[in-house]
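Understanding the architecture of this molecule
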Amino acid sequence: MNTYSSIRGMLVIASLFVLAIGLLVSQQLLTASDTQVPDEREEVVFWHFWGGADRAIVEDVARRFNESQNDYFVRPIAMPGNNLDLKFFLSVTGGDPPDLLNIDDPVIADWGHRGAILALDEVATPDEVERLEAWLFPAARRLVTYQDRLYGVPNGLDIRALYVNKTMLARYGLSPPKTIADLDHIAETIAPPGQPAAFQHHGYLPDSRRIWAWGPVFGGQFYDSSDDHVTLTTPEIEAALKWMVSYRDRYGPSEIARFRHGDQSLPGKTFPLFAERYAIVMDGQWRVRDIRAFQKSQADRREEVAQFDAIPLPMPPGGKPNAGWVNGNNFVIPQGANASRGAWEFIKFWCGFDGQEASAAHTCVAGGWIPVSQHVVDEPSFQEFLAEEPLFRTFIELAGSENQYPVPVIPGAPYFNNEIKNLAESAMSSSTEPDLPQMLKEAETRIQSHIDRARNEQ
Amino acid sequence: MTWLQKSTIYVLLIFFAAIYSLPLLVMLSGSLKSPTEIQANPNQLIPQSWQWENYVAAIGAMPFWQYLSNTLVLCLGSVAGTLLSCSMAAYAFAKLKWWGRDKLFAVLIGTMLLPWHVTMIPRFLLLREIGLYNTLGALIVPTFLGDAFSIFLLRQFFRTIPEEISEAARIDGLSEWGIYWRIILPMSVPALATVGLFQFVAAWNDFSGPLLFLSNKDKFPLAYGLEQFVSSYADQTHLLLAAATLFTLPIAVLFFFAQKTFLKGIATTGLKD
C-alpha cells in the first residue's frame, strides 16, 4: 500500500512537472507572429475596439499599411470596447500607453482639456492640419474640433436617417414623408388616436434620444460656442421638443411606454421595422446590412420581400434640410505616445488623406463605413458600392451636409448628452401636462453650471 | 418517503434544472446555427442545419491555443499561490494561539466587504512599481499573499480536525511546520480541493484583472478572447457562442469530475449544515 501510494505521489508530481514545463514551452512557441516588428521599423501600438467581422477589416488595413512603407509597423490590438477608457488611463498611469487609440466615446474635449491626448498640430505640420480641415466633411471636422484645434480624426461617421418600410406604407396607401406634417399624417393613419384596443403597429414614434437630431432639423442649436453658452430656451429647440411631446398628447404616455417596452422583447438586435411594429424608424447606416440580410432570409423562405428606403429627416416649415445628429469613432494620439508620427501616418492612410483616398475607399466599402471626406466618396470603388447599395447613398448625402451636428465638443459633454435625453424623456412620459419652457430653462441652468465647472477643472 | 412524494420532488427538480440549463442550451444551440438563422430564428432551440464548422472558425478567429496556454498558466499559478498562502494563514488562525489572533481574523473577514473597485487603483500602482505590469505575474503573484474567503474556508475546516492529533504530533517531536505539512494538509484534501476549484474557476473567468494589467495580446487569456467576437456594428454571435461553449466546457467537466470532493469540502467547512 505504501509503495503504491509513493508511486502514485511520484506520478502526480511528475505530471504536474510535465504540465508546468509544457506550459512554459507553449508560452514561448505560441507567441503571436504579428508581434514581431521588422528591423529598422518603428512600432506603432494601436488599440481599437473593433470586434466581430470588423476586426478582420481593421487587421487588413494595418497589413496594407505595413506593406505600403518602410518606416513604421502598426500592431493592432483589439481591446474590450466597454472599458477602453479605463484601460487607457491605467496604461498612461502605468507608463505604457498605446501610440494610437480608436474609441467610439465622445472623449475629444474632456481628454483634450485634461491633456491626455495630443492636438494634431503637435504631431502634423501646420500645412497638413490646414489641408486636413478643408478635406474633411464639416460633420467630421466638428466631431474632433475643440477650442479651434483638431484633436483627432474620425475613422468614419455614424449618420441617422429615417428607415421606411415602403411595403407597409403602400398597404395603407401612403408614401415616404417629405415634411413633418407628412410624418404626422403617416402616424395618425397607421395608428389612429383614440383606438379602443392596444396598438399593434405605429407609423412612427419619436424616441427621446433623438432630440439631438430633431433639434437641428427644426433649425435649433443646443450650444453656442461663440460665447460658450447652452441654448435650450430658443424657439427652435422648444418647437422640436413640443413636436416630440405632441405624440405623447396623441397616444398618451402610458401607450408610448407600453409599446416601447414591447420593442425590448424583440429577440437579439432585431430591427423593430422588420416585425412591422413601426413603418418608420430612425437609425444609423449599419442597418443597411441588416436590411439586406433580412431581405435575403425572406427570399430564402420564399416570402414576399419587403421593400425599404432610407430618407433624410423631414423638416417643418423653416427647418433645415439634411439636418441631424452625427457621431463617430475617433482616432486619438495619447500624450506620451512613443511613435506619434507613425500613428499620424497610419491615421492618414486609414482615412485616405494626402492622396490615399483609393485605399480608404476600399476600407469603407469592406466595412460598410461612411468616409470622412467627399474625396473618398468620389473614388470609383466607392461609387460602385453606392450603385449596388442605393440605401447607403442617403447616408452619404447627409454626411456631406452642413447641418449635421454632434453633441457639443466641450468638457462635460457626456453630462450634457444625458441631461438632454432625460429632459426629452421626462417631457414625453410626464403624466401631467409638461411645462416645456420651464423644463428647458431649468435644464439650461443646470447644464451650464456643470459645463462651467468642467471647463475650470484642470 | 412515498412514491408520490419522491416523484413530485423529481418533477420539481427536473423543472428547475430545465429552467437553469436553458441559457446553456441557448448558447449550445446558437453555437451550431448560421448567422442568418440566429437573426431569423433566435428562439428556436434545434438548429435547421448544424454548423459544426462554427467551432473550427471560432478557434481560427483568435490565437486560441496561445490564449488557452495563458489561461492555464494563470489558473494553475493562482491555484498554487492560493492553496499555499491561504492554508498557511488558515493554519495560523485555526491551530496556533497568539495574541490578537481573533481580532486580526475579524479584520481579515472585514476586508471581504471592500469592493474590488476600491482597491483597483492602489493595486495597479503597487504592481506597476514592482515591475509586474503587463506580465502574467501581475495576476499570479497577489494570490501568494492569500485572500480572505479562502483563508476563512480553510480555517473552518482546520478547526474541525481534533486538537489531540496536533498534540500527539508535538509530543512525538514534530515542528509546527511538520504538523501543518505532514498532518493537517493531507487530512484537508476536500477543503483544499474546494478552495482550489473556486480559485481555478475565478482565474478562468477573470476578465477585470487582465483588463487592468495586460496590454500585449500574446499574454491575453481566453476570457479576453471572447470579447473579440463582439462589435458595435457586426457581432459574430454564432462564433461568440461557439467560443463561449468551448470556454465553458472545461469548467463543466472539471466540476463533473470533482463534484464529490467539492461537495464534501463545502459540507465540512461550515458553509453547509
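Rules used throughout
- Residues numbered from 1 in each chain as written.
- Chains lettered and ligands numbered in written order.
- Predicted model: local features only at pLDDT ≥ 70, side-chain atom pairs only at ≥ 80, totals over all residues.
- Heavy atoms only, no water.
- Helix = DSSP H or I, 4+ residues; strand = E, 2+ residues; numbered from the N terminus.
- Buried < 20%, exposed > 50% of the residue type's maximum accessible area, 1.4 Å probe, protein only.
- Contact = heavy atoms within 4.5 Å.
- Areas by Shrake-Rupley, 256 points an atom, 1.4 Å probe, with all protein chains shown as cover.
- UniProt positions renumbered as here; feature names shortened; annotations may be inferred.
- Lys, Arg positive; Asp, Glu negative; His and termini not counted.
- Salt bridge = Lys/Arg side-chain N within 4 Å of Asp/Glu carboxyl O.
- Polar contact = N/O pair within 3.5 Å; in protein donor to acceptor, adjacent residues only side chain to side chain.
- Buried area = accessible area lost by both parts, 1.4 Å probe.
- Pairing = 2+ DSSP bridges.
- pLDDT = per-residue confidence, 0-100.
- Patch = residues over 30% accessible without salt bridge, like charges linked within 9 Å, V, L, I, M, F, W, Y side chains within 5 Å.
- Domains from an automatic or database assignment.
- Axes fitted to C-alpha atoms, helices over the stretch in contact; angles between N-to-C directions.
- Parallel < 35°, antiparallel > 145°, perpendicular 65-115°, else oblique.
- Left-handed = near helix turned anticlockwise from the far one by under 90°.
- Nonpolar A, V, L, I, M, F, W, Y, C, P; charged D, E, K, R; others polar.

1. Regarding the overall build of chain A
- Across its full length, chain A carries 19 helices and twelve strands.
- With respect to the three principal axes, the spread of C-alpha positions in chain A is 85 × 70 × 50 Å.
- Here chain A holds 458 residues, and the buried ones make up 55% of them.
- Nonlocal contacts in chain A, meaning residues at least 24 apart in sequence, comprise 74% of its contacts between residues at least 6 apart.
- Put simply, chain A shows about 19800 Å² of open surface, and 52% of that area lies on carbon and sulfur atoms.

2. What to know about the UniProt feature "transmembrane region" (unreviewed entry) in chain B
Residue and element names in this part refer to chain B.
- Here the UniProt feature "transmembrane region" (unreviewed entry) sits at residues 7-28, 71-93, 105-126, 132-158, 179-204 and 239-258.
- Within residues 132-158, the helical portion is 56% and the strand portion 0%, while the C-alpha atoms at the span's ends are 34 Å from each other.
- Secondary structure content for residues 179-204 is 96% helix and 0% strand, while the C-alpha to C-alpha distance between its ends is 32 Å.

3. Considerations on the side chain of Asp99(A)
All names here are of chain A.
- Tracing the backbone shows Asp99 in the loop between α3 (84-93) and β3 (100-103).
- Buried within the structure, Asp99 lacks any salt-bridge partner; its nearest side chain of opposite charge belongs to Arg75, at an N-O separation of 7.7 Å.
- Looking at Asp99, its side chain comes within polar contact range of the main-chain nitrogen of Ala339, at 2.9 Å.
- The residues touching Asp99, leaving out its near neighbours within four places in the chain, are Glu43, Val44, Val45, Ile333, Pro334, Ala337, Asn338, Ala339 and Ala343.

4. Some remarks on the interface of chain B and chain A
- Listed as interface residues are 43 residues of chain B and, on the opposing side, 44 residues of chain A.
- Taking both sides of the interface into account, the surface hidden between chain B and chain A amounts to around 3500 Å²; carbon and sulfur atoms contribute 57%.
- Remark: the boundary between chain B and chain A carries zero salt bridges.
- At the junction of chain B and chain A, the tally comes to six residue pairs in polar contact (both at pLDDT 80 or more).
- Of all the elements in the fold, those that place two or more residues in the side of chain B that touches chain A are α2 (35-40), α4 (64-95), α6 (116-129), α12 (208-213) and α13 (222-227) of chain B.
- Examining the composition of the side of chain B that touches chain A, we find that seven residues originate from one element, α4(B), more than from any other.

5. A few points about the pairing of β3(A)
All names here are of chain A.
- Side chains Leu100 and Asn102 of β3 all project onto a buried face; the interleaved residues Leu101 and Ile103 project onto the opposite face, where all are buried too.
- With two bridges joining them, strand β1 (residues 42-48) and β3 adopt parallel strand pairing. Within β3, the residue paired with Trp47 across the bridge is Leu101.
- Pairing of β3 with strand β11 (residues 324-332) involves three bridges; the strand directions are antiparallel.

6. Points about the confidence of the model for chain A
- Looking at chain A, the pLDDT average stands at 89 and 92% of residues meet or exceed 70.
- When mean pLDDT is compared element by element in chain A, helix α9 (residues 211-217) of chain A scores highest at 97, while helix α1 (residues 2-29) of chain A scores lowest at 65.

7. Remarks on unusual backbone geometry
- At Asp228(A), a residue that is not glycine, the phi angle is positive and equals roughly 55°.
- On the secondary structure map, Asp228(A) appears in the loop between β7 (223-224) and β8 (229-230).
- Note on Asp228(A): relative accessible area 34%, which makes it partly exposed.
- Of note, the phi angle at Asn134(B) is positive, near 65°, even though the residue is not glycine.
- Locating Asn134(B) in the fold gives a position in the loop between α6 and α7 (137-140).

8. Notes on a nonpolar patch on the surface
- Judged by side-chain polarity, Leu22(B), Leu25(B), Val26(B), Leu28(B), Leu45(B), Ile46(B), Trp50(B) and Trp52(B) come together as a nonpolar surface patch covering roughly 780 Å² of accessible area.
- If you trace the backbone, Val26(B) turns up in helix α1 (residues 3-31).

9. Regarding the domain arrangement of chain A
Residues and elements named next belong to chain A.
- Each assigned domain of chain A is listed with its residue range as follows: domain 1 (42-158 + 326-395) and domain 2 (159-324 + 407-456).
- The C-alpha centroid of domain 2 is placed 29 Å from the C-alpha centroid of domain 1.
- Facing the 22 residues of domain 1 at the interface are 26 residues of domain 2.
- Summing both partners gives a buried area of about 1900 Å² for domain 1 against domain 2, and 62% of it is carried by carbon and sulfur.
- By the criterion of area lost to domain 2, the three top residues of domain 1 are Asp158, Leu391 and Phe395, representing 35% of everything that side buries.
- The interface formed by domain 1 and domain 2 holds one salt bridge in total.
- Residue Glu389 is joined to Arg292 by a salt bridge in which the shortest nitrogen-to-oxygen separation is 2.7 Å.
- Across the domain 1-domain 2 interface, the total number found is eight residue pairs in polar contact (both at pLDDT 80 or more).

10. Quick notes on the packing of α4(B) against helix α8 (residues 148-160) of chain B
All names here are of chain B.
- Look at α4 against α8: their axes get within 8 Å of each other, and the N-to-C directions meet at 50°. Here α4 is positioned oblique relative to α8, judged by the angle of their axes. For α4 against α8, the interelement crossing comes out right-handed. Contact with α4, carried on its side by Thr82, Cys86, Ser87, Ala89, Ala90, Tyr91, Phe93, Ala94 and Lys95, involves Ser150, Ile151, Leu154, Arg155, Phe158 and Arg159 of α8 and no other residues of that element.
- For the contact of α4 with α8, a count of residues per class yields nine nonpolar, three polar and three charged.

11. Notes on the pattern of salt bridges
Residue and element names in this part refer to chain A.
- Per the counting criterion, the structure on display carries 34 salt bridges over all chains.
- Of the charged contacts in the structure, one is a salt bridge between Glu419 and Arg446, with a shortest N-O distance of 2.8 Å. Residue Glu419 is found in helix α18 (residues 413-429), and its partner Arg446 is found in helix α19 (residues 436-456); the two are separated by 27 residues along the sequence.
- Salt bridges sharing partners connect three or more residues here, namely Asp127, Glu128, Arg131, Arg341, Glu345, Lys348 and Asp354.

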